[in-house]
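For reference, the chains in residue letters:
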Amino acid sequence: MANALTKKKKIGYAFGIFTESLIYNMFYTYYLTFLIEIVGIAPMYSSIVIFISIAWDAVTDPIIGNYTDRGGVDKRKVMKVSILPLAIIFIVAWTSIGAGLTSQTAKILLYTVISMAIWVFYTMYTIPYYAVVAELTEDYDERTQIRSTASLLNAGAVGLGNVLPALVPTVAILLGERFASNSYAVIAAIISILAVALGFVCVKSLGGVYTPKPVSANAGGNTLKDTMRSFGQILKMKPAKFFLIFVFFFLTASSMIQSNLTYMVVDCIGMDYDTGIVYVIISMVVSMAIVVPIVEKVAEKTDRRTASIIFLTITMAGEIISKLVGLDAEIGGFKIMSIVSAAILGIGIGTFWTFFYSMGYDLVELDEFKTGERRESIITALPQLIQKFGSAFGILLAGQLLSAYGYDSSKDTAGKESLITVVTDPHIVGGMENISTVIPAAFLAVSILALIFYPMTRKNVGKLMNALNKKRAGEEYSTEGLEKLL
């Protein structure tokens, strides 16, 4: 356990969210479009590239989680080492080096390998970044406060990660026709510079407040086999099952909407890309910034689970209403859904990222109570693995549905700055609208249902901590009232 966190240190730590969120959001919102429209990979294969690259974390997450949980391993150093390689590979991923290849297979292989490399270094940064909070404090509300501060800053990160790529057409004009296809790479470079700078701010802020675990003479569990056994033990905990279902289905829903934003703006809402995407992103970011302090206050009055259920239900209802009203709805000639639909998504994203990791931290203490071990990184790695699978599945589903509804970008010229040609077929437009509304709403419903059965309420966590502290002190303790957890 480390020294107390000052407000300055907490804010410095929170700025680390930019390093992962800038890269995460540009990738999840635009990479499907980039592969389809710039590189020239068919929609169904583009989504498979993304799915494979993120599914690769099924290997890297447990390895990195296992390593950073070992005694003597400095999480700060692991984060620091990963930042520069992550930034460099991220820039390479957005270059059009494969656009001139005639073989779809060659393009698929090239961008799959590059994308896989992104997620290795991304995981090296994010697992210790999130896991370290469970070592800094065990206080229920302080964990929420730290994560809500990061979540509030995340609204800015989401904004930059989405708005800056919207400048691609402008950058393309500045670069000229010869280099226009690398407009995304220019934006990726700007985002990478910000990610590097703020990542180092975060690492520096943890100095003096974080101390690596001591090396234990009896330490075990250092092999991948032991790590997978740990995953199995964690999955046997009833709360973990419901928590992971909640995570998977929420991320499936949100990544479907996010990866479809370009098509939603141009084809469903019916706005010019340059103007529409800015309206959408600003509305989403403002919505997040407003909802984060509100959900934090609701959680303080109730608990994280209750606040999540309330605001995710609002999000789900909003998606259904958006479909009923129609994304092309106008008020006084203004495409109102460019504001409303994005604000609805912002409510859900702001709520999820405020509570996701702090809810996971509660499982650290439950695991310790049952096994006697503290496995912060492993318990961060497993939800993060599920998070990425959910996100990858959402993008995969969006790409497959675009193909199923009949969207074909083959008439576009790969490598040109014009992103998409407006779709006029009502069947395809209706399908794109479904990808942004009712289909993700169905996944949200499952996510909310899992939360309802998730037993880690404030009351139950308080009982757990009382029993755990007595167990640590070698005193007699009771498991009465902990039946739902154990």
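For the structure itself, consult the block above.
Conventions adopted
Throughout this description, residue numbers start from 1 for each chain and increase along the sequence as written. In keeping with the predicted nature of the model, local features appear solely for residues at pLDDT of at least 70, side-chain atom pairs appear and are counted solely at 80 or more, and the whole-chain, interface and lining totals rest on all residues. Water and hydrogen atoms were dropped before computing side-chain values, which therefore reflect all heavy atoms in the structure. Aromatic contacts are taken between Phe, Tyr and Trp rings whose centres are within 6.5 Å, Trp giving its six-membered ring; a plane angle under 30 degrees counts as stacked, one over 60 as edge-to-face, and the others as tilted. Each residue's exposure class comes from its accessible area (1.4 Å probe, protein chains only) as a fraction of the maximum for that residue type: buried when under 20%, exposed when over 50%, partly exposed otherwise. In this scheme, Lys NZ or Arg CZ marks a charge over a ring once it lies within 6 Å of the ring centre and within 35 degrees of the ring normal. Axis geometry follows a simple rule: fit a line to the C-alpha atoms, using only the stretch in contact for helices, then measure angles between N-to-C directions, giving values from 0 to 180 degrees. For helices the rule is a DSSP run of H or I covering at least 4 residues; for strands it is a run of E covering at least 2, with both sets numbered from the N terminus onward. Oblique is the label for every angle not falling under 35 degrees (roughly parallel), over 145 degrees (roughly antiparallel), or within 65 to 115 degrees (roughly perpendicular). The hand of a helix crossing depends on one turn: near helix anticlockwise from the far one by less than a right angle means left-handed, and clockwise means right-handed. Residue contacts follow a heavy-atom distance rule, with two residues in contact if any of their heavy atoms lie within 4.5 Å. We call Asp, Glu, Lys and Arg charged. Ala, Val, Leu, Ile, Met, Phe, Trp, Tyr, Cys and Pro are nonpolar, and the rest, Gly among them, are polar. Residues with no salt bridge and a relative accessible area higher than 30% make up the patches, which join like charges within 9 Å and nonpolar side chains (Val, Leu, Ile, Met, Phe, Trp, Tyr) within 5 Å. We get accessible surface area from the Shrake-Rupley algorithm with a probe of 1.4 Å; when it comes to residues, only the shown protein chains can shield them. For this analysis, a salt bridge means a side-chain nitrogen from Lys or Arg found within 4 Å of a carboxyl oxygen belonging to Asp or Glu. A 1.4 Å probe that fits into a set of points on a 1 Å grid over the protein atoms alone but cannot get out defines a cavity; an open set with protein on both sides within 12 Å along at least five of seven lines defines a pocket, and lining residues are those with an atom within 4 Å of a point. Grid points are joined across faces, edges and corners, and a volume is the space filled by probe spheres set on the points.

Within the structure shown, the criterion is met by 36 aromatic pairs. Taking 5.9 Å as the distance between ring centres and 70° as the angle between the ring planes, the aromatic pair formed by phenylalanine 90 and tryptophan 94 counts as edge-to-face. When sorted by exposure, phenylalanine 90 lands in the same class as tryptophan 94, which is buried. Considering the side-chain rings of tyrosine 129 and tyrosine 130, the 4.8 Å spacing of their centres and the 70° angle between planes classify their relative orientation as edge-to-face. You can call tyrosine 129 buried: its relative accessible area is 0%. The class of tyrosine 130 is buried, set by a relative accessible area of 0%. Above the plane of the ring of phenylalanine 369 lies lysine 471, whose end atom (NZ or CZ) is 4.9 Å from the centre.

Running from N to C, helix 15 (residues 337-371) and helix 19 (residues 458-472) point in directions that differ by 45°, and their axes come no closer than 10 Å. Considering the angle they form, helix 15 stands oblique to helix 19. For the pair helix 15 and helix 19, the crossing hand works out as left-handed. Contact residues: Asp362, Glu365, Leu366, Glu368 and Phe369 in helix 15; Val461, Leu464, Met465, Ala467, Leu468, Lys471 and Arg472 in helix 19. Across the contact of helix 15 with helix 19, the residue classes tally to seven nonpolar, no polar and five charged.

This part takes up a nonpolar patch on the surface. A contiguous nonpolar patch, built from Leu160, Leu175, Phe179, Val186, Ile190 and Leu194 and spanning about 430 Å² of accessible area, is present on the exposed surface. Top element by residues in the nonpolar patch is helix 9 (residues 183-205). It accounts for three residues. Position of valine 186 relative to the elements: it lies in helix 9.

A few words on empty space enclosed by the protein. Summed over the entire model, instances satisfying the criterion amount to five cavities of 30 Å³ or more. Empty space within the largest cavity amounts to approximately 130 Å³. Tallied by class, residues from the lining of the largest cavity come to eight nonpolar, six polar and one charged.

One can find leucine 444 in helix 18 (residues 438-453). Look at leucine 444 and you get buried, because its relative accessible area is 2%. Considering only alpha carbons, one finds leucine 444 and alanine 317, 127 residues apart in sequence, at a separation of 9.7 Å.

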